[in-house]
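The residues making up each chain are set out below.
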Amino acid sequence: MTTPRFPHLWFRLGQLAALGVMALLGLFDLTVGMGQGSSNTGLLTLVRVAMAVATVVVWLPAHPQGSKRLPRAALVLAAVSTLLTLATRAVPLPEFGAASWGFAETCGLLGVIFVVSRRGAAGWALAGVLGTGLALVLLPLRSTTGNAFVIAGLFLALCGAAATAAGTYLRLLANGRERAVATVRAEQRAEFARDLHDFIAHHVTGIVVQAQGARFVAEQDPQRTLLALEQIERAGAETMTAMRRMVGILRDPQAAPDAPLAPLAGVADLTPLLARFNDSATPTARLFVDGPLDGIPVEVSTSGYRVVMEALTNVRQHASGARLVDVSVRRTPDWLVVRVTDDGEAPRHTGPRGHHGYGLVGLTERIRAVGGQFSAGPGVDGGWIVDAVLPLRQEVTAR
């Protein structure tokens, strides 16, 4: 819990250090003669001290990213500073050139440029930086002219460019972090949606089908009704377990940082999946396996399992009149091929706008993420065919 405080602490320490530097520079300004001269310069001296303090008011607070008020305040500050420079030139000073032009204000304007580059709204930030930079470059006119002014102005211009570059660099870093976080959050939301659909929708669909079947057989065969109720209870318990696990990880990811949101079942676990499907109601599902199912990469095995789970869920929901479902899993040296077919009569739609389209969209994303190919559509002789081809080797995925 103490780690997040360190950046905030360093930020405060940096502010205190900058204030200390400005205070020392202010004392230096007064010592070397910023306020020396005739009585006409007394008011200008007070105004120049107030300007140095005003820069602190602008750059010291923590401004929100994209602030429009910050560059506007910088423009007002730059305009006042420029007018003050012109007013200082209009007052005749004895021993002109011996007085300081205001190093504290110079440091403050550099801080304003940095903060505006870092936090200001994009359009206003450019105007704020240019206006403040102009006021910064003109500052040496308060105490010098000629070649000395040109040299001092060029040096301050380089300092302003460095402050702008530093602020812009930190701004780009922050924007990159925000984009990375947004990308990760979008991927997490998509993963949560897939997990919810694959597991919760599968169990809930089974509960609905079993409940509907229990209504029809309640009077003819009470024993089958009790069996259906037991299956509904078991499916409901599994659903609640998956939900609790997902909610627990969402609330406290540190409690189980490496735990999956749902059990990582693979193609080797298809037999119990089909058994539960056959216990609920018709149609009957059959499993055909060609090749060993051990040693398959986890992401490939779980993706194959999800394909079969989604296909069986869609059979329950949309395969009108289906009596038989064939699940085929074939392993070659380079690929894992999964096919699910049924003999239903009514075609189903695959568009993502449909009620059941989210599952197919999620499967397509999941299969493509591991470098595979996925398709789902009506068969030539009727029914529905779901095909997934998953690579088993990294070099195959790279192609």
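Bear in mind the structure is a predicted one, so any value in this text is a computation, not a measurement. (Residues numbered from 1 in each chain as written. Predicted model: local features only at pLDDT ≥ 70, side-chain atom pairs only at ≥ 80, totals over all residues. Heavy atoms only, no water.)

Check the secondary structure of the protein and you find 11 helices and five strands. Within the protein, buried positions represent 40% of all 399 residues. Here the analysis covers contacts within the protein between residues at least 6 apart in sequence; of these, 74% occur between residues at least 24 apart. Surface summary for the protein: the accessible area is close to 22,100 Å², and the carbon and sulfur share equals 64%. (Helix = DSSP H or I, 4+ residues; strand = E, 2+ residues; numbered from the N terminus. Buried < 20%, exposed > 50% of the residue type's maximum accessible area, 1.4 Å probe, protein only. Contact = heavy atoms within 4.5 Å. Areas by Shrake-Rupley, 256 points an atom, 1.4 Å probe, with all protein chains shown as cover.)

This next bit is on the nonpolar core. Among the nonpolar cores identified, the biggest contains 35 residues, and Val 307, Val 308, Leu 312, Leu 336 and Phe 374 are the most heavily contacted of them. Within the residue set of this core, elements represented by two or more residues are helix H8 (270-280), helix H9 (298-318), strand E2 (324-331), strand E3 (335-342), helix H10 (357-369) and strand E5 (384-391). Among the elements that take part in this core, H9 stands out by supplying eight residues, more than any other. Setting aside chain neighbours within four positions, we find Phe 374 in contact with Val 307, Leu 360, Leu 363, Thr 364, Ile 367, Val 386, Asp 387 and Ala 388. Membership of the second largest hydrophobic core comes to 24 residues, among which are Met 51, Trp 101, Val 115 and Leu 136. (Core = buried A, V, L, I, M, F, W, Y, C linked by side-chain atoms within 4.5 Å.)

On the surface, a nonpolar cluster with roughly 520 Å² of combined accessible area is contributed by Leu 9, Trp 10, Leu 13, Leu 16 and Leu 19. Positionally, Leu 9 belongs in helix H1 (residues 5-32). (Patch = residues over 30% accessible without salt bridge, like charges linked within 9 Å, V, L, I, M, F, W, Y side chains within 5 Å. Salt bridge = Lys/Arg side-chain N within 4 Å of Asp/Glu carboxyl O.)

Right, let's talk about H9 for a bit. Taking 1.5 Å per residue, 21 residues should reach 30 Å; H9 reaches 30 Å between its end C-alpha atoms and fits that length. Of all 21 residues in H9, 18 are buried, a share of seventy percent or more. (Expected span 1.5 Å × (residues − 1).)

Another aspect to go through is the pattern of salt bridges. Counted under the stated rule, the structure contains three salt bridges. Of the charged contacts, one joins Arg 286 and Asp 326 as a salt bridge, the two residues approaching to 2.8 Å between their closest N and O atoms. Of this pair, Arg 286 sits in strand E1 (residues 284-290) while Asp 326 sits in strand E2; the two residues are 40 residues apart in sequence, bridging distant segments of the chain. A salt bridge links Asp 387 to Arg 339; its shortest N-O distance comes to 2.6 Å. Of this pair, Asp 387 sits in strand E5 while Arg 339 sits in strand E3, and the two are 48 residues apart along the sequence. Residue classification places Arg 339 among the partly exposed positions, given a relative accessible area of 39%.

With that settled, consider the confidence of the model for the protein. Looking at the protein as a whole, its pLDDT mean stands at 77, while 70% of the residues score no less than 70. A low-confidence stretch, residues 349-356 stays under pLDDT 50, and its non-local contacts, those more than four residues away or across chains, total 13 contacts. (pLDDT = per-residue confidence, 0-100.)

Let us now look at the packing of aromatic side chains. Inspection of every chain in the model, using the stated rule, returns zero aromatic pairs. Over the aromatic face of Trp 124 sits the side chain of Arg 72, whose NZ or CZ is 4.6 Å from the ring centroid. (Phe/Tyr/Trp six-rings, centres within 6.5 Å; stacked < 30°, edge-to-face > 60°. Lys NZ or Arg CZ within 6 Å of the ring centre and 35° of its normal.)

Another point: the sheet that holds E5. Ordered in space as E1-E2-E3-E5-E4, the five strands form an open sheet in which the pairing is mixed. The open sheet has two edge strands, E1 and strand E4 (373-378), and neither has a second partner. Sheet twist, expressed as the average angle between the axes of neighbouring strands with direction ignored, equals 10°. By the bridge criterion, seven bridges tie E2 to E3 in an arrangement that is antiparallel. Across the sheet, residue Val 327 finds its bridge partner in E3, namely Val 340. (Pairing = 2+ DSSP bridges. Axes fitted to C-alpha atoms, helices over the stretch in contact; angles between N-to-C directions.)

Attention now moves to the packing of helix H3 (residues 69-90) against helix H5 (residues 122-138). Following both chains from N to C, one finds H3 and H5 inclined at 20°, their axes separated by 8 Å at the closest point. When the axis of H3 is compared with that of H5, the two are roughly parallel. Handedness of the crossing formed by H3 with H5: left-handed. Touching Pro 71, Arg 72, Ala 74, Leu 75, Ala 78, Ser 81, Thr 82 and Thr 85 of H3 are Trp 124, Ala 125, Ala 127, Gly 128, Gly 131, Thr 132, Ala 135 and Leu 138, all from H5. (Parallel < 35°, antiparallel > 145°, perpendicular 65-115°, else oblique. Left-handed = near helix turned anticlockwise from the far one by under 90°.)

Okay, the pairing of E1 next. Of the strand pairs in this sheet, E1 and E2 are connected by seven bridges, and their pairing is parallel. Bridge pairing in E2 places Phe 288 opposite Ser 328. Chirality of the crossover, the property in question, places the unit of E1, H9 and E2 among those that are left-handed. (Right-handed = clockwise from strand over helix to strand, strands pointing away.)

Where H3 meets helix H4 (residues 103-119), the axes come as close as 10 Å, and the angle between the chain directions of the two elements is 155°. Our classification of the angle between H3 and H4 gives roughly antiparallel. Seen along the crossing, H3 lies across H4 with a hand that is left-handed. Note on element contacts: H4 touches H3 through Glu 105, Leu 109, Val 112, Val 115, Val 116 and Arg 119, opposite Leu 70, Pro 71, Ala 74, Leu 77, Ser 81 and Leu 84. Considered class by class, the residues forming the contact of H3 with H4 number nine nonpolar, one polar and two charged. (Nonpolar A, V, L, I, M, F, W, Y, C, P; charged D, E, K, R; others polar.)

Let us look at the environment of Ser 81. Structurally, Ser 81 is set in helix H3. Here the alpha-carbon distance between Ser 81 and Arg 48, two residues 33 residues apart in the chain, equals 8.3 Å. The residues touching Ser 81, leaving out its near neighbours within four places in the chain, are Met 51, Glu 105, Leu 109, Ala 135, Leu 139 and Arg 142. Looking at Ser 81, its side chain comes within polar contact range of the side chain of Glu 105, at 2.8 Å. (Polar contact = N/O pair within 3.5 Å; in protein donor to acceptor, adjacent residues only side chain to side chain.)

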